[in-house]
Amino acid sequence: MDMTRSRGSTAKALRGAALAGLLAMGLLGTGVPDARAESARSETRVGAEAGGVTETVVRVKVPLPASFGARPAACDWLSYLRYRAADGPQASADADRILVAQPGILEGAGAFDSVARNTVARAAEQGRHIEFWALDRRSNCLEDRTGIASGDQHAAVDYYYRGKEVGGRTFDGYVGNGRMGWMAKLGIEQTVRDEYDLLAAELPDQRVRKQKVLCGGHSLGGVITGYLAVADFDGNPATTTDAGYNQCAGYFALDTTVSTSLGDLSGSIPDDTNLPDIGLGYGVVQAGLDSGVLSRSLSVPVLLNPETMTLLGIAGLGAVRDPGGEADLPSYLPANVNIEATNRFLFSKDTATFLTGKPAVKDFRLTNEAVLGALMDDHSVPLAFLQSSVGFFDGGPVVDKSFPVANGGDAQPGLFGGEYKAIPDRPGGPLYTWRNYDRVGDPDDPGYRSADGTPFTGAGKEVTDIQELARSLAEQPLDFTEQYFPTKLVTDLQLATSPQVKRLVVHPKGLTANPTLTVLAGDGLLAGRIPADLHPVVADGYQHLDVLTAAPTQNNGRPEPVSTNLATFARAL
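Rules used in this analysis
- Residues numbered from 1 in each chain as written.
- Predicted model: local features only at pLDDT ≥ 70, side-chain atom pairs only at ≥ 80, totals over all residues.
- Heavy atoms only, no water.
- Helix = DSSP H or I, 4+ residues; strand = E, 2+ residues; numbered from the N terminus.
- Buried < 20%, exposed > 50% of the residue type's maximum accessible area, 1.4 Å probe, protein only.
- Contact = heavy atoms within 4.5 Å.
- Areas by Shrake-Rupley, 256 points an atom, 1.4 Å probe, with all protein chains shown as cover.
- Disulfide = S-S within 2.5 Å.
- Phe/Tyr/Trp six-rings, centres within 6.5 Å; stacked < 30°, edge-to-face > 60°.
- Lys NZ or Arg CZ within 6 Å of the ring centre and 35° of its normal.
- Pairing = 2+ DSSP bridges.
- Axes fitted to C-alpha atoms, helices over the stretch in contact; angles between N-to-C directions.
- Right-handed = clockwise from strand over helix to strand, strands pointing away.
- Core = buried A, V, L, I, M, F, W, Y, C linked by side-chain atoms within 4.5 Å.

Caption draft 1: Spatial organisation of the overall build of the chain. Per the secondary structure count, the chain includes 20 helices and 14 strands. Looking at the chain residue by residue over its 573 residues, the buried ones come to 60%. Of all intrachain contacts in the chain linking residues separated by at least 6 positions in sequence, the fraction that spans at least 24 positions is 77%. When the accessible area of the chain is evaluated, it comes to approximately 20,400 Å², of which 54% is carbon and sulfur surface.

Caption draft 2: Fine view of helix H15 (residues 368-376). With respect to burial, H15 is a largely interior element, nine of its nine residues being buried. Among all positions in H15, only Asn368, Glu369, Ala370, Val371, Leu372, Gly373, Ala374, Leu375 and Met376 are buried.

Caption draft 3: Looking closely at the state of the cysteines. The final tally for this structure, using the stated rule, is two disulfides. Put simply, cysteine 75 and cysteine 141 are joined by a disulfide, and their sulfur atoms are 1.9 Å apart. For the disulfide bridge between cysteine 75 and cysteine 141, the dihedral angle about the S-S bond is near 85°, and by the sign convention the bridge is right-handed. Of this pair, cysteine 75 sits in the loop between strand S2 (53-61) and strand S3 (77-85) while cysteine 141 sits in the loop between strand S5 (130-135) and helix H4 (146-149), and the two are 66 residues apart along the sequence. The exposure class assigned to cysteine 75 is buried, which follows from its relative accessible area of 0%. We classify cysteine 141 as buried; its relative accessible area is 10%. Disulfide pairing places cysteine 215 opposite cysteine 248 at an S-S distance of 2.0 Å.

Caption draft 4: Summary view of the packing of aromatic side chains. Summed over all chains, the structure comprises 15 aromatic pairs. Here tyrosine 159 and tyrosine 160 contribute two aromatic rings whose centre-to-centre distance is 5.1 Å and whose plane-to-plane angle is 85°, an arrangement assigned as edge-to-face. Just as tyrosine 159 is buried, tyrosine 160 falls in that class too. A centroid spacing of 5.6 Å and a plane angle of 40° characterise the contact between phenylalanine 392 and tyrosine 448, whose relative ring orientation is tilted. Of this pair, phenylalanine 392 sits in strand S9 (residues 391-394) while tyrosine 448 is found in the loop between strand S12 (431-436) and helix H16 (466-474), placing the two residues 56 residues apart along the sequence. Taking relative accessible area as the criterion, tyrosine 448 reaches 15% and is therefore assigned buried. Clustering of aromatic rings is evident, with ring pairs tying together Phe392, Phe393, Trp434, Tyr448 and Phe456. Cation over ring: arginine 162 sits above tyrosine 332, and NZ or CZ is 4.6 Å from the ring centre.

Caption draft 5: Looking closely at the pairing of S3. Counting buried residues along S3, nine of its nine residues qualify, which places the element largely inside the surrounding structure. Residue alternation in S3 divides its side chains into two sets, Trp77, Ser79, Leu81, Tyr83 and Ala85 and Leu78, Tyr80, Arg82 and Arg84, and both sets are buried. The sheet contact formed by S2 and S3 spans nine bridges and is antiparallel. What sits directly across from threonine 56, in S3, is arginine 82. Where S3 lies against S5, five bridges are found, and the strand directions are antiparallel.

Caption draft 6: Structural view of the sheet that holds strand S4 (residues 97-102). Reading across the sheet, the nine strands line up as S1-S2-S3-S5-S4-S6-S7-S13-S14 and stay open at both edges, with mixed pairing between neighbours. Both edges of this open sheet fall to strand S1 (41-45) and strand S14 (537-539), since each of them pairs with a single strand only. When the angles between neighbouring strand axes are averaged without regard to direction, this sheet yields 20°. In terms of strand pairing, S4 meets S5 through five bridges, oriented parallel. Across the sheet, isoleucine 98 pairs through a bridge with glutamate 131, a residue of S5. Contacting S4, S5, strand S6 (213-218), strand S7 (250-254), strand S13 (516-521) and S14, helix H20 (residues 561-572) crosses the sheet at an angle of about 175° to S13.

Caption draft 7: Quick peek at the pairing of S4. Burial within S4 is extensive, with six of its six residues counted as buried. Side chains Arg97, Leu99 and Ala101 project from S4 onto one buried face, and the interleaved Ile98, Val100 and Gln102 project onto a second face that is buried too. Where the polypeptide runs from S4 across helix H3 (residues 113-125) and back to S5, its parallel neighbour, the crossover connection is right-handed. Pairing analysis gives five bridges linking S4 to S6, with the strands arranged parallel. Bridging across to S6, leucine 99 finds its partner in leucine 214.

Caption draft 8: Structural view of the nonpolar core. With 143 residues, the main nonpolar core has Phe132, Leu254, Ile314, Val562 and Leu566 as its most contacted residues. Of the residues forming this core, the biggest block, eight residues, is contributed by helix H11 (residues 306-321). Setting aside anything within four residues of it in sequence, one finds leucine 566 in contact with Leu99, Val115, Thr119, Phe132, Phe252, Leu254 and Leu517. The next biggest cluster of nonpolar side chains, apart from the first, holds twelve residues, and it includes Phe68, Met180, Met183 and Tyr484.

Caption draft 9: Up close: the sheet that holds S12. Pairing is mixed across the open sheet formed by three strands, whose spatial order is S8-S12-S9. Whereas interior strands pair on both sides, the edge strands pair on one side only; in this sheet they are strand S8 (365-366) and S9. For S8 and S12, the ladder comprises two bridges, and the chain directions are parallel. Each residue of the ladder has a partner; that of leucine 366, found in S12, is tyrosine 432. This element, H15, spans S8, S9 and S12 of the sheet and lies at about 70° to S12.

This is the structure in structure tokens:
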């Protein structure tokens, strides 16, 4: 059965169930008490079974220490998406293996939807019943999914921007820095403690955890897994039953490495990172977070902030509901500085277009799929860590996108990725459609080329189904993107040599105490500097997000390599 296609038939049921379930479980508000507060755990089905995989959203009450201060009641719960074989055991402890995944920066549990389903299905083909747990960071308790969970793009825009009701509630607005005081302490220590507490609550027998749990993550999740591996959770290093490495049978890293260094993540060991050196002592940074002088949530005015992260889910709704229909989202969105600046940054052909705003994205005729492709595809969006390979524009002429950097320039690799960028060339002209990943290279493919003659893409470079991506963005009860990423998590890792962070490395040999599977995107963060000593599996043509979003069957007719290798690794241990 084709999993990506069969899921589409359940879309309407899923949207209604998601909205009702989220409202009942307190996941949509900021500080709304859980309707099942008398219970320490809830588990709710997400949609209908698809491709032999059952998905549920699980919440476990694990209150923060009193020292964190006042916070919404929803933030005393930990959440994850649980994927398991439909014909497998209902109790997690009875599964053959359990893969537990930490998300990367600005990433939520919903981003793992495709790789989780594919991995569970691949293992079932091998006669194994495994589970995949996609973790959500605690700070995602602040997100309000009500508008997107409505399943209607216009209703979502009206909810978030025009004060209109959905399901009897109105949007309280995005959470400001002044309401995030408790997040000033939400760093690497609490993040790994949350994972340990969740594992202990869900799998109380440590022997089961050590035998069956594989700990890992994507991007920054690899570094978090590294800190889990070296941590001690009872305050006594001499007793190791509680040590992080003894909660796992093995580790897995998805376009990352299992380490305690941000330098490892960027492929430059140990000094260079893709994040700026803030040059301040741990105490000064902590004082800035405590006082609110420093933002407690990582955010920038353009592209990376709660409002624009929400827009990705809204765009996904349009692509799910009416993929080939002409989009009205660009014109239906209200005009504000954030949206205007983001649209210019993403959809400007050159610097002059960015400065003048003409032509704007709303001046082009685009299908709903083309809008989503423009926001997420590696030949459109300029930031490498947001890129996936979902196909290419179609239906009209395209040209090189030379903003913010020119194609083929030396500045492109790293932050901007190595793929040539393209953009539609005829405002007010033809309806631009989207050629999905599996139609690139077909006989009717125009084979668009850059001005220098370089093909923009080819079949070997396209791996993610745009419909699967749209569903992961729009129909998951836990978000694909992360609106409120804790700044302290980054500053802690950037200040890893400070005594306050170094003390967390109690069992340094924990990093190598268990077998590790490293799967790297061929065109991802470590492209061109892949560490051979890790003996990684390299997924050719993949971008950073593709290791999570790639379709189960690739253009070469072969099974998707990330999930295939994860399933094989789980079986081999």
